[in-house]
Amino acid sequence: QVSCEAPWPSAGAMAGYDKAKSVFDTFKAAFEAEPCDLAKCEDLLGQLKLVLFASSSAALSGGGPDAAKEQLLMRETLELACFLSIRRRDLAGFERHVSQLKMLYDRLKDSKPSEQKYPILGLSLLHLLASDRIGEFHTELELIPVDEVENMYIKQPVQLERYLMEGNYAKVLEAQKDVPKMYYAFFMERLIDTVRQKVGASLERSYEHLPAQQAAQMLILTDVPALQEFAVKENERKAREESDDPMGDLTPSLTRRAPVGLVKWEVKDGKLHFMRSEQKRLELPAVDLMVNAIGYATDLERIV
């Protein structure tokens, strides 16, 4: 009989649970060491995956005398892998490990709940929010049972999303001081950057120039030198977007505007100037309206 279940890596008979547990203990000790050697941890994680996930899906299909212990070891390994990815600022790795963990959490729902489950799910939501992937944020939120949404780790990103939709950026700043776990700080920094980009998009559409000190305050920056640094990064970001591969996913989102790479920021004479090229000046707003309408339809379809 052929199994219809998707294959899942597990500890094989030759590798054995004891060997996997020994490598895991070494990996965990290196991860918890101060200071933490991230390169060493990544190397140990690779070795652990080779040992633990070497053969078939016997563990998760209930086979073998150590199947239950292997499943729990897989779960704890992937949880530490998520935190390691955040420390290394490896967002692709974080997403990959979270995706694997969600399947594992579902399979192990009758086992003792993991203490790291909600912190990791909350971090995943915050990552989507900071990446301005609002449609995916709501899709993932719909998969979480209603009674679990009140968990402190889930509740915070939900509240932050409401602040963003309201344009209440001051509340987002306040929330930065009250993050529930140290790993949240990384995503909160990225979220603040996203907020700055949203404010900047509004400013460049509304003004030809404005006082630099006022612009710094509106962009949640400490002073004019910080504004100058941000202006350079903003110009670089737009240049990257202009040169992006058109084969990529360019579908607009509810909060992602059409690229406006022809508006250059420049701080001089105590003012922030938005330098528009002639091509930008002649653009018709109908194009932006069309892009936004497609974005609304896309996100509504995801949410509903």
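Calculation criteria
Residues numbered from 1 in each chain as written. Predicted model: local features only at pLDDT ≥ 70, side-chain atom pairs only at ≥ 80, totals over all residues. Heavy atoms only, no water. Pairing = 2+ DSSP bridges. Helix = DSSP H or I, 4+ residues; strand = E, 2+ residues; numbered from the N terminus. Axes fitted to C-alpha atoms, helices over the stretch in contact; angles between N-to-C directions. Contact = heavy atoms within 4.5 Å.

**Q** So what about the sheet that holds strand 1 (residues 209–211)? Which residues, and what values?
**A** Overall, antiparallel pairing links the 3 strands, which are arranged 1-3-2 in an open sheet. What marks the edges here is a single partner per strand, and that holds for strand 1 and strand 2 (263–268). Across this sheet, the average inter-strand angle for adjacent strands is 20 degrees, counted without regard to direction. Sheet topology note: the strand 2/strand 3 (residues 271–276) ladder contains 6 bridges and is antiparallel. Across the sheet, Lys264 pairs through a bridge with Met275, a residue of strand 3. Contacting strand 1, strand 2 and strand 3, helix 9 (residues 184–206) crosses the sheet at an angle of about 75 degrees to strand 3. Against the sheet, helix 11 (residues 224–242) touches strand 2 and strand 3, its axis set at about 160 degrees to strand 2.

**Q** Provide a residue-level description of the pairing of strand 3, including the pertinent values.
**A** As defined by bridge partners, strand 1 adjoins strand 3 across 3 bridges and the pair is classed as antiparallel. When the bridges of strand 3 are listed, Leu210 appears paired with Leu272. Hairpin connection between strand 2 and strand 3: a loop of 2 residues separates the two successive antiparallel strands, and Asp269 in this loop has a positive phi of roughly 55 degrees.

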